[in-house]
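# Descriptive structure summary
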Amino acid sequence: MGRSIDYEEAREILEELFGQMEVAFVKESSPAVWEEIGGTIETVIGSKTQAYREVLIGCAIARILDPLIDIRKIYVNQGDDAFNGRTLDERVVNPFLHEHEVPSSKGPYLSVFRRNVSLNKDTGKGVKDKAGYTAMLEFIAILESSAQSSAKELLSSLLYGLIELRDTSTITLSRIQRLSMEQYGALIDSMLATPSGGLIPVLLAVSAFSAIRDTYLLPWDIGWQGINVADSPSGAGGDITINREGKTVISIEVTERTIDKPRVISTFNTKISPHGIDDYLFFFSATEPTDEARSAARAYFAQGHEINFLPVKDWLITVLTSLSAQGRTIFTSNLLTLLESKDTPAAIKVAWNDYVRKLVS
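Since this is a predicted model, take the numbers as computed values, not measurements.

Conventions and cut-offs
Residues numbered from 1 in each chain as written. Predicted model: local features only at pLDDT ≥ 70, side-chain atom pairs only at ≥ 80, totals over all residues. Heavy atoms only, no water. Pairing = 2+ DSSP bridges. Helix = DSSP H or I, 4+ residues; strand = E, 2+ residues; numbered from the N terminus. Axes fitted to C-alpha atoms, helices over the stretch in contact; angles between N-to-C directions. Contact = heavy atoms within 4.5 Å. Core = buried A, V, L, I, M, F, W, Y, C linked by side-chain atoms within 4.5 Å. Buried < 20%, exposed > 50% of the residue type's maximum accessible area, 1.4 Å probe, protein only. Parallel < 35°, antiparallel > 145°, perpendicular 65-115°, else oblique. Nonpolar A, V, L, I, M, F, W, Y, C, P; charged D, E, K, R; others polar.

## Notes on the sheet that holds strand β4 (residues 279–284)
Pairing in this open sheet of five strands is mixed, and the strands run β1-β2-β3-β4-β5 from one edge to the other. Two strands lie at the open edges of the sheet, namely β1 (221–224) and β5 (306–311), each paired on one side alone. On average, each strand axis in the sheet is inclined to that of its neighbour by 20°, with strand direction left out of account. One ladder, built from four bridges, connects β1 with strand β2 (residues 240–244); its direction is antiparallel. The residue of β2 that forms the bridge with W224 is I240. Running over the sheet, helix α9 (residues 199–216) touches β1, β2, β3 (247–255) and β4 and is turned about 175° from β1.

## Regarding the nonpolar core
Within soluble globular proteins, side chains that are nonpolar tend to cluster in buried spots. Ranked by size, the top nonpolar core spans 57 residues in total, and within it I57, F113, L119, M136, L155 and L159 carry the most contacts. The next biggest cluster of nonpolar side chains, apart from the first, holds 44 residues, and it includes L179, M191, I212 and V254.

## Considering the packing of helix α11 (residues 261–275) against helix α12 (residues 291–301)
For any two helices packed against each other, the geometry is given by the interaxial angle and the distance between the axes. Running from N to C, α11 and α12 cross one another at 30°; their axes reach a closest spacing of 7 Å. In terms of orientation, α11 lies roughly parallel with respect to α12. Where α11 abuts α12, its residues K261, V264, I265 and F268 lie against E292, A293, A296, A297 and Y300. Taken together, the residues of the contact of α11 with α12 sort by class into seven nonpolar, no polar and two charged.

So this is what it looks like as structure tokens:
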């Protein structure tokens, strides 16, 4: 009785859409349907009854996998078109939410939605948060009336709301005492591969420059800014600026975008020349600078301005190797301090915990 669910496929769908929404959240780009149903989702997610949102995820997955399922029938003995909501939650949804540190229940089918209930108005008579439950039913009605292809976008919107919720919650970072250089290499690879809008390479670079300063007691003042802060209004010459006795020693721009000739010329005209910077460094984490960009940099060198390009990972490994064990400990401590900041997105904190878990397992 009831229709079967492919739990492995369900997990894959959840992983894919959640990952897409994490990237969208960093870019502050909400799903297209958010304007229409965002209020309903926020009511569900804002409810103290966490079971509502968790069950909704299962209903959306069921709708995506099999349009013949009646997503209001969450127990298989409710008919041939029912599905096993509890097993879907226990095998896929609940573990996924806990792994990604989304505030969630111990199990909705052990609390609000037990005893063979259906998702209808009658069930709402016995719940505490009736407004949240009503919003939940509204979302289910939208799922039912939408084409199967639209169900993914609806689930994506629900996951986007959960990522917003997670970003306001407290996430405890996993601590590490010491790592080998091989482990640091793996850690840096994992971090740079994580979508962050350019923030992660900035955090890594700031932590490394701070470790150099603190290890060798250098009189450096290290200033840096978030990746979404414009350089000109802030008066900064780059993402990271190192000053000594009021004079700029070096400015660093950390980029994930391609560095081409127009980029170098624009940087010179808007940052290097106005601020009188003699030493400017581009850290790149992906594509190598174009040949034209390197040629432009050589032309400015003849004018007394050094513009250099360096893969951020190569620089980090070189610095960490040179710092010795004590300096690497300082680097890790600096990085954890930056990661713990309330301004650091929760997705990056969750990713860090995942990196550490894999390193020590």
